[in-house]
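One-letter residues, chain by chain:
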Amino acid sequence: MSKAIIELNHIDITFHQKNRVIEAVKDVTLHIQQGDIYGIVGYSGAGKSTLVRVINLLQTPTDGRVLVDGDTTFADRKVQLTSEELRQKRRQIGMIFQHFNLMAQKTARENVAFALRHSGLSKEDKEKKVTELLELVGLSDRAENYPAQLSGGQKQRVAIARALANDPKILISDEATSALDPKTTKQILALLQELNQKLGLTIVMITHEMQIVKDICNRVAVMQDGRLIEEGSILDIFSNPVQPLTQDFITTATGIDEALSKIEEQDLVKNLPASSLLVQLKYAGSSTDEPILNQIYSRHQVTTNILYGNIEILEETPVGEMIVVLDGNRQGLEAALQELKASNLQVKILKEGV
Ligand SMILES: Nc1ncnc2c1ncn2[C@@H]1O[C@H](COP(=O)(O)OP(=O)(O)O)[C@@H](O)[C@H]1O
Ligand SMILES: [Mg+2]
């Protein structure tokens, strides 16, 4: 059994404004294991940033309990921490942001070194440490550059080096790739994954993009209106999302909604004959699709016309999705659908011919 490095238990966070009460986080319980890359996904305003701010003591919960690495005094309202204690605890957790938050008048090296000002290291050791950190993020040749001389991806690398300066066990990434182009995003995600593996770093990834979750997370929680509405392993969530919002996020991430709108433009689909069904099929695991589709013709005289297909490997398990037109007589179609469902495929009828 791996051990939980972060436990959030029944967290409520309520803000009181003049004549308004905002319940930003409502009764959220989630446990993150050491070494996880844990995604928290949700639209803007869902409460993601507010929730993770309790982990590094930037936000005190209105109610609930926070445990970080077995330490119960994290964000406990009953415990008053001195500013030195607070600083020490915060140092155990690194954080990176969408807009990097670098100091413009300091070089890359100085930005990273600034995070070591309370470290107690000698000047030489600090310099050595900064050099190592810049090397770790692949930025040795940019040490003397100012933020304005760096690309977005390079700035985020400086921010990552700074976040790791005090050897935290946890890194919180709050939309850290949202300001980057797709290619740079991939590179930063690859770096985070490498740091996770090399250093055993636990990473909490806040994002509004399920694609990012799919690329590097092993677990994900979905938030909506302050609540955690669904949580699970990447394989579970992607192969069998339960909540409509989770399904929406996944549909966008897999590109199937784009495929669908193109398919709907096709003449065959526009004028679907009465003997045809437009069907979406989904499977996870070993139930490979093609043999089953072939059998459906031989057993029920139903032809299949594949209009779209996509297979991805998640946690070493193939997860496939297809859009097909099934054509046959009414009885045959019924029997074919039953057989597909019995073979553990998820079957959704998108359109019936008229
Ligand atoms: N300091 C604050 N005071 C008042 N309301 C806040 C504060 N911080 C966040 N909120 C509100 O809490 C809700 C959740 O915000 P946030 O955690 O930033 O969501 P997300 O990160 O998912 O976009 C929003 O309605 C936001 O306006
Ligand atoms: Mg946010």
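Figured I'd write up the structure that's included with this text. Here the structure is a predicted model, which is why all the values come from computation and not from measurement.

1. Some thoughts on the overall build of the protein chain
- When helices and strands are tallied, the protein chain shows 13 helices and 13 strands.
- Across its three principal axes, the protein chain shows a C-alpha extent of roughly 80 × 50 × 45 Å.
- Residues counted as buried form 47% of the 354 residues belonging to the protein chain.
- Total accessible area on the protein chain stands at roughly 17700 Å², and carbon and sulfur atoms take up 46% of it.

2. As for the pairing of strand β2 (residues 20-33)
- Judged from the 10 bridges that link them, strand β1 (residues 4-17) and β2 form a sheet pairing that is antiparallel. By the bridge assignment for β2, Q17 is matched with R20.
- Remark: 2 residues form the turn of the hairpin made by β1 and β2, two consecutive strands paired antiparallel.

3. Points about the environment of L67
- Assignment of secondary structure puts L67 in strand β4 (residues 63-68).
- Classification of L67 by relative accessible area gives buried; the value is 13%.
- Here the alpha-carbon distance between L67 and M205, two residues 138 residues apart in the chain, equals 18 Å.

4. Some points on the pairing of strand β10 (residues 276-284)
- Extensive coverage of β10 is indicated by the burial of 8 of its 9 residues.
- Bridge count for β10 against strand β12 (residues 317-327) is 9 bridges, and the pairing is antiparallel. Residue pairing across strands places Y283 opposite G320, the latter belonging to β12.
- For β10 and strand β13 (residues 346-352), the ladder comprises 6 bridges, and the chain directions are antiparallel. In the sheet register, L278 faces β13, and the bridge partner there is K351.

5. Focus: the nonpolar core
- One finds I96, I160, L192, L195, M205, M210 and V213 to be the most contacted residues of the largest nonpolar core, which totals 52 residues.
- Ignoring any residue separated from it by four or fewer positions in sequence, one finds L195 in contact with L136, I160, L164, G200 and L201.
- Among the nonpolar cores identified, the runner-up in size contains 30 residues, and L8, Y38, V68 and M223 belong to it.

6. Here's the deal with the sheet that holds β4
- Reading across from one edge, β2-β1-β4 is the order of the 3 strands in this open sheet, with antiparallel pairing throughout. Both outer strands of the open sheet, β2 and β4, are each paired with one neighbouring strand and no more. Each neighbouring strand pair of the sheet contributes to a mean axis angle of 20°, computed without reference to strand direction.

About the thresholds
Residues numbered from 1 in each chain as written. Chains lettered and ligands numbered in written order. Predicted model: local features only at pLDDT ≥ 70, side-chain atom pairs only at ≥ 80, totals over all residues. Heavy atoms only, no water. Helix = DSSP H or I, 4+ residues; strand = E, 2+ residues; numbered from the N terminus. Buried < 20%, exposed > 50% of the residue type's maximum accessible area, 1.4 Å probe, protein only. Areas by Shrake-Rupley, 256 points an atom, 1.4 Å probe, with all protein chains shown as cover. Pairing = 2+ DSSP bridges. Core = buried A, V, L, I, M, F, W, Y, C linked by side-chain atoms within 4.5 Å. Contact = heavy atoms within 4.5 Å. Axes fitted to C-alpha atoms, helices over the stretch in contact; angles between N-to-C directions.

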